[in-house]
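Chain by chain, the residues:
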Amino acid sequence: MAAVLDGSGISPTEYVTMRAVALRGPWDGPDALAAFLADQPQLNLSATAAARLVDGLQEHPLIITGETVALTAAGANTHARLTARLAPVTADLYTGFDDDDLATAQRVLAALTERAQELRRRTQG
């Protein structure tokens, strides 16, 4: 993903955040979005780093915060443009895999992510 995003001015973590806003939003305020991001082990973000990430996207302005968090028009355009750039790479990545195998892999990865989050919660007290 990083190679495809090179030159776009958007980091992979910023893109993932915009994707979360676009596909899982709107969020009930910036704190809820930051908490979600900090709880994603694959992003490896502290609560402070997640809050800074949300603040940075708002400053650009790619997202707007208030009662809810959503993409701005510029954010929606940027997200659409980058998604279009990533689509062929993603298609190539998954080509040739059986749909059932992909579904199994998705379930296993979701379970692993949930376990990692639970372990993280336990170790953080």
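Cut-offs and rules
- Residues numbered from 1 in each chain as written.
- Predicted model: local features only at pLDDT ≥ 70, side-chain atom pairs only at ≥ 80, totals over all residues.
- Heavy atoms only, no water.
- Helix = DSSP H or I, 4+ residues; strand = E, 2+ residues; numbered from the N terminus.
- Buried < 20%, exposed > 50% of the residue type's maximum accessible area, 1.4 Å probe, protein only.
- Contact = heavy atoms within 4.5 Å.
- Core = buried A, V, L, I, M, F, W, Y, C linked by side-chain atoms within 4.5 Å.
- Patch = residues over 30% accessible without salt bridge, like charges linked within 9 Å, V, L, I, M, F, W, Y side chains within 5 Å.
- Areas by Shrake-Rupley, 256 points an atom, 1.4 Å probe, with all protein chains shown as cover.
- Salt bridge = Lys/Arg side-chain N within 4 Å of Asp/Glu carboxyl O.
- Lys, Arg positive; Asp, Glu negative; His and termini not counted.
- Charge placed at Lys NZ, Arg CZ, Asp CG, Glu CD.
- Expected span 1.5 Å × (residues − 1).

*Asks:* Just checking my understanding: could you explain the overall build of the chain for this structure?
*Replies:* Helices and strands together make up the secondary structure of the chain, namely six helices and two strands. N-terminal to C-terminal, the α/β element order of the chain is α-α-α-α-β-β-α-α. Counting all 125 residues of the chain, 30% fall into the buried class. Residue pairs in contact within the chain that sit at least 24 positions apart in sequence constitute 57% of those at least 6 positions apart.

*Asks:* When you look at the nonpolar core in this model, what are you seeing that I'm missing?
*Replies:* In summary, soluble globular proteins display a tendency toward joint burial of nonpolar side chains. Of all hydrophobic cores here, the largest spans 26 residues; its most connected members are Val21, Trp27, Leu33, Leu37, Leu45 and Ile63. The residues touching Ile63, leaving out its near neighbours within four places in the chain, are Val21, Leu33, Val54, Leu57, Gln58, Val69, Ala70, Leu71 and Thr72.

*Asks:* Before we go on, may I ask you to explain a negative patch on the surface in this structure?
*Replies:* On the surface, Asp98, Asp99, Asp100 and Asp101 cluster together into a negatively charged patch. One can find Asp100 in helix H6 (residues 99-124).

*Asks:* Teacher, can you tell me more about helix H2 (residues 12-24) here?
*Replies:* For the α-helix, the turn length of 3.6 residues means that residues three or four positions removed from each other point alike. Taking 1.5 Å per residue as the helical rise, H2 with its 13 residues ought to reach 18 Å, and the 17 Å between its terminal C-alpha atoms agrees with that figure. Within the span of H2, buried status applies to Glu14, Tyr15, Thr17, Met18, Ala20 and Val21. Contact partners of the buried residues in H2: helix H1 (2-5), helix H3 (30-38), helix H4 (47-59), strand S1 (63-64), strand S2 (70-71) and helix H5 (73-94).

*Asks:* Before we go on, may I ask you to explain the pattern of salt bridges in this structure?
*Replies:* Opposite charge on two side chains lets them pair, provided their charged atoms get close. Taken as a whole and judged by the stated rule, the model has one salt bridge. Between Arg122 and Glu118 there is a salt bridge, with its nearest N and O atoms 3.5 Å apart. With a gap of four residues between them, Arg122 and Glu118 both fall in helix H6, about one helical turn apart. In this structure Glu118 comes out as partly exposed when scored by relative accessible area, which is 31%.

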